[in-house]
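One-letter residues, chain by chain:
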Amino acid sequence: MSLIPWLRWNEPPSRLSSRSPAEMVLETLMMELVGQMREAERQQRERSNTVRKICTGVDYSWLASTPRSTYDLSPGERLQLEDVCAKIHPSYCGPAILRFRQLLAEQEPEVQEVSGLFRSVLQEVLERMKQEEEAHKLTRQWNLRPRGSLTTFKSRARISPFASDIRTISEDVERDAPPPPRTWSMPEFRAPNAD
């Protein structure tokens, strides 16, 4: 028995991967697509076997071997999907996979439709990334804009609720009319006239 593997405890731990996060996202998303395509093909095969069983009344599934996958992405479509996957930020990889799985569970598409569904999920994620980036940019601009203090606001705007530049008819009438006589309980207050 060799003791060499046991003596490696003092070596520094090796890095799990030297790939960039973008490469890992690309690989993860493409592996998810391929795996879901295989699953969709398996489900399609099971549905056709069930229909065949119902139509013929005979089950030959024990005799048949599982066929190889028959559907594969074209190289052009694969490159386009890889290009879109490369634009996805690592923090959006998990939510993209979850949304893709959710749509697959809801719609149960045929194998040929899976890549189109995957592309639509990636477009949704890219739009959400763009919207959140714009919102973040606006927040940054709002936080960096110069703010005036309360004293500058006071000097710019004087609020006087009783003074108005707009003349009304009632003001003119009240100004020209003599003041109403006060009751005995109220004293008369008048400003001295400069006559």
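The protein chain appears in an unreviewed UniProt entry as Protein RD3 from Sciurus carolinensis.

Colleague: What should I look at first to understand the overall build of the protein chain in this one?
Modeller: A count of helical and extended segments in the protein chain gives six helices and zero strands. Listing each helix as α and each strand as β along the protein chain from the N terminus yields α-α-α-α-α-α. Out of the 195 residues in the protein chain, the part that is buried amounts to 17%. Counting contacts in the protein chain only where the partners sit at least 6 residues apart, residues at least 24 apart contribute 78% of the total. Accessible surface for the protein chain amounts to roughly 16600 Å². Of this, 58% is attributable to carbon and sulfur atoms.

Colleague: Would you mind showing me how to read unusual backbone geometry here?
Modeller: Keep in mind that most residues, glycine aside, have a negative phi and that most peptide bonds are trans. Positive phi is not limited to glycine here, since Glu108 has a value of about 45°. Relative to the elements of secondary structure, Glu108 occurs in the loop between helix 3 (93-107) and helix 4 (111-144).

Colleague: Even after reading the chapter, I still don't get the nonpolar core, so can you show me in this structure?
Modeller: One broad trend across soluble globular proteins is that nonpolar side chains are buried collectively. In terms of nonpolar packing, the biggest core is built from 27 residues, with Leu29, Leu33, Ile88, Phe100, Phe118 and Leu122 touching the most fellow members. When contributions to this core are tallied by element, the ones reaching two or more residues are helix 1 (21-56), helix 2 (75-86), helix 3 and helix 4. The greatest single-element share of this core, amounting to nine residues, is contributed by helix 4. If we skip the residues at most four places from it in the chain, Phe118 touches Leu29, Leu33, Leu81, Cys85 and Phe100.

Colleague: Before we go on, may I ask you to explain the packing of helix 1 against helix 4 in this structure?
Modeller: Angle between the axes and distance between the axes are the two parameters that describe a pair of packed helices. Orientation of helix 1 relative to helix 4, taken along the N-to-C sense of each, is 145°, at an axis distance of 9 Å. Like other packed secondary-structure pairs, helix 1 and helix 4 cross with a definite hand, here right-handed. In this structure, helix 1 contributes Leu29, Leu33, Met37, Ala40, Glu41 and Gln44 to the contact, and helix 4 contributes Val111, Val114, Ser115, Phe118 and Leu122. Considering only residue class, the contact of helix 1 with helix 4 consists of eight nonpolar, two polar and one charged.

Colleague: Would you mind going over the pattern of salt bridges with me for this structure?
Modeller: It is possible for side chains bearing opposite charge to pair when their charged atoms get close. Counted by the stated rule, this structure contains eight salt bridges. The salt bridge partner of Arg42 is Glu39, with a shortest N-O separation of 2.4 Å. Of the two residues, Arg42 and Glu39 are both situated in helix 1; the distance of three residues between them amounts to about one turn of the helix. Among the ionic pairs, Arg140 bridges to Glu133, the shortest N-O distance being 3.6 Å.

Rules of the game
- Residues numbered from 1 in each chain as written.
- Predicted model: local features only at pLDDT ≥ 70, side-chain atom pairs only at ≥ 80, totals over all residues.
- Heavy atoms only, no water.
- Helix = DSSP H or I, 4+ residues; strand = E, 2+ residues; numbered from the N terminus.
- Buried < 20%, exposed > 50% of the residue type's maximum accessible area, 1.4 Å probe, protein only.
- Contact = heavy atoms within 4.5 Å.
- Areas by Shrake-Rupley, 256 points an atom, 1.4 Å probe, with all protein chains shown as cover.
- Core = buried A, V, L, I, M, F, W, Y, C linked by side-chain atoms within 4.5 Å.
- Axes fitted to C-alpha atoms, helices over the stretch in contact; angles between N-to-C directions.
- Left-handed = near helix turned anticlockwise from the far one by under 90°.
- Nonpolar A, V, L, I, M, F, W, Y, C, P; charged D, E, K, R; others polar.
- Salt bridge = Lys/Arg side-chain N within 4 Å of Asp/Glu carboxyl O.

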